[in-house]
Amino acid sequence: MEKRVRLRFAPSPTGGLHMGGVRTALFSYLFAKKHGGDFVLRIEDTDQTRYVNGAEEYIINALKWCGIEPNEGVGFGDGPYAPYRQSERKELGIYKKYADQLIASGHAYVAFDTSEELDEMRKRLEAAKVVAPQYNAITRQNMRNALTLPEDEVKKIMDSGAPYVVRLKVPRNEEIRFHDIIRGWVTVNSSQVDDKVLLKSDGMPTYHLAHIVDDIEMKISHAVRGEEWLPSAPSHILIYRYLGLEEDMPKLAHLPLILKPDGNGKLSKRDKSGLPMFPLDWFDERTGEKYVGYKESGFTPDAFINMLALLGWNPGDNREIMSKEELIANFSFERVNKSGAKFDPEKTKWFNQQYLRMQTDEQLADSVMPLLEAKGFKKDKAFVTEFCRLIKEKAHFVTEFYDLGSYFFAAPTSYDEKVMTKKWNENSKTTYSKLTEKLTALDTWTTNSLHDLFAAVEPELGKIDMQVVRVLTTGVAGGAQLFDMLALLGKEEVLTRLNKALASLS
RNA sequence: GGCCCGUUCGUCUAGGGGUUAGGACGCGUCCCUUUCACGGACGAAACACGGGUUCGAUUCCCGUACGGGCUACCA
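Residues numbered from 1 in each chain as written. Chains lettered and ligands numbered in written order. Predicted model: local features only at pLDDT ≥ 70, side-chain atom pairs only at ≥ 80, totals over all residues. Heavy atoms only, no water.

Engineer: Please clarify how unusual backbone geometry should be interpreted in this entry.
Structural biologist: Both trends apply: most residues other than glycine have a negative phi, and most peptide bonds are in trans. Going from Ala82 to Pro83, the amide bond is cis rather than trans, its omega being -5°. Turning to its location among the elements, Pro83 is positioned in the loop between β3 (72-73) and α3 (86-91). In the Ramachandran plot, Lys219 falls in the positive-phi region, its phi being about 55° despite a non-glycine side chain. Tracing the backbone through its elements, the reader meets Lys219 in the loop between α7 (207-217) and β9 (222-226). Given a relative accessible area of 47%, Lys219 falls into the partly exposed group. (Helix = DSSP H or I, 4+ residues; strand = E, 2+ residues; numbered from the N terminus. Buried < 20%, exposed > 50% of the residue type's maximum accessible area, 1.4 Å probe, protein only.)

Right under this line is the structure:
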């Protein structure tokens, strides 16, 4: 019988959740939902030295904003496999049980080497021109562990309460072959695999042991993670095997990395592209560093998710704008790429623009009004709605609306020099003064009436340059549809601005 | 250095033994427009290289180059 589909997202609370992590969560979520399965949030807080306050809460909030909600786990209601924090699970002795089992079956052993001794060993090996110094089948013979020390001495050290770690006993020369849903078969020789620490001297399990134990106990069907984990997968295969759980192990999927837009390398916490790397604003209280979020930059979660989904995956046809439901319906690991994808800031903006345009003017007004109020402009909903209608075609983000149309809220104090130099001449003042008179006499002030008036007035006044009218009333060379803009501004405001402009120009 | 993974327009990608190698972002030109945009049309732009296999390789295999990841009592 096929196992129930259960995927987990298992971040460690060492900082804000990076967009690469969000994508891993997203792919897991999409797959789980597509197959009617579960999506679990597990917190892997086994490294107490790197624990960051607020990180866990951030992760939960970020997932919520993105709409990638687990139905089980920390912050989302405990399911049948609680607790979901590894530090709490450790207290229950869950990991030690498995480590003991491995020791008992001869596949793991305790080691007493101090970090100084380990350093020495690496230095010694480097000096001897060993290319990859590691604790393995050969080097462990010269270290202080249960394999080299006499049994009674091992017992003595253990009884004395001295610190020890538990290491995986990796065979010296054995082919380890495993299957990855995305990459196919991968083969590594065990001589390349080191004797990984399973249980640290503080009693905490390492990631390698903890995630395996939890994936098994939580009945996880598919383990999805970034490509950076591929090199340690052989160790994991061995652990499953020695635990007698190879049949029950989740299917593996190693996602391609998200790369920097320019140059090379993994996308980092900060990028000079100008776009955020985090879903929400993140403040790292340790370093005092602030990172802006997609949310605060004016992105909609749907656009963010859509963009992320297309980074390394595609539905197999030309669709790009897809709702969460469509993503779920179409997702499969078979269509995930093998190669890393460079993050494209321009395309990311385009995605948000597409979602911006799908919103009604009223919806946009609801988002824009608070932003305007923050700038000190309070206008009624009808005004802001019309404002949004006029501005939205030029914007990528709601956060840009004010800057793109600030002239709707304040009269210009200067006039675009390029346009004026080119188009303003000795006759202009007369022409536009007369135009102002005609406008003053206009009773009905609407887009259409303004349009008609401009047309009607030209035989008498000569050519009216629309861009000059624009600059006179807004100060800038580009902007919203002219007659719509004048109509929204209102007769009184437009005349005031025109008279002010004419007074200051010769 | 070693090991592992990868390589189609600048970028994200489709495709797959015989195609005018398709789409999207960005870029350019034109059309629409009494302004600003949207929009529409068109265009420039790619199979890393070398060997095989084959009637035929961008596609399959092997090398090379290049890129990336890993190489902790971190995840």
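Picking up where we left off.
Engineer: Sorry, what's going on with helix α18 (residues 466-474) here?
Structural biologist: Because an α-helix completes one turn every 3.6 residues, residues spaced three or four positions apart along the sequence face the same direction. For α18, a buried count of seven out of nine residues is recorded, marking the element as mostly surrounded by other parts of the structure. Among the residues making up α18, those that are buried are Val468, Val469, Arg470, Val471, Leu472, Thr473 and Thr474. Buried positions along α18 lie against α15 (417-423), α16 (428-440), α17 (447-461), α19 (482-489) and α20 (491-504). With a side-chain oxygen positioned 2.8 Å from the backbone nitrogen of Gln467, the residue opening α18 is Asp465. Just downstream of α18, Gly475 is the residue with a positive phi angle, here 90°. (Contact = heavy atoms within 4.5 Å. Polar contact = N/O pair within 3.5 Å; in protein donor to acceptor, adjacent residues only side chain to side chain.)

Engineer: Whenever I open this one, the side chain of Arg225 confuses me. Can you help?
Structural biologist: Considering the arrangement of structural elements, one finds Arg225 in strand β9. One buried charged side chain, Arg225, makes no salt bridge at all; its nearest oppositely charged neighbour is Asp215, positioned 6.7 Å away. Among the polar contacts made by the side chain of Arg225, one reaches the side chain of His236 at a distance of 3.0 Å. At 3.0 Å, the side chain of Arg225 forms a polar contact with the side chain of His254. Here Arg225 is in contact with Thr24, Tyr207, His211, Ala233, His236, Ala253, His254 and Leu255, once residues within four sequence places are set aside. (Lys, Arg positive; Asp, Glu negative; His and termini not counted. Salt bridge = Lys/Arg side-chain N within 4 Å of Asp/Glu carboxyl O.)

Engineer: Even after reading the chapter, I still don't get the nonpolar core, so can you show me in this structure?
Structural biologist: One broad trend across soluble globular proteins is that nonpolar side chains are buried collectively. With 64 residues, the main nonpolar core has Ile68, Phe304, Phe333 and Phe343 as its most contacted residues. Among the secondary structure elements, those contributing two or more residues to this core are β1 (6-9), α1 (19-34), β2 (38-41), α2 (55-66), β10 (251-255), α9 (301-309) and α10 (324-330). A per-element tally of this core places α1 first, with nine residues. What Phe333 contacts, discounting residues up to four positions off in sequence, is Leu7, Phe27, Phe31, Ile181, Ile182, Val224, Ala253 and Leu255. Counting 51 residues, the second largest nonpolar core, distinct from the first, contains Met369, Leu372, Phe383 and Leu439. (Core = buried A, V, L, I, M, F, W, Y, C linked by side-chain atoms within 4.5 Å.)

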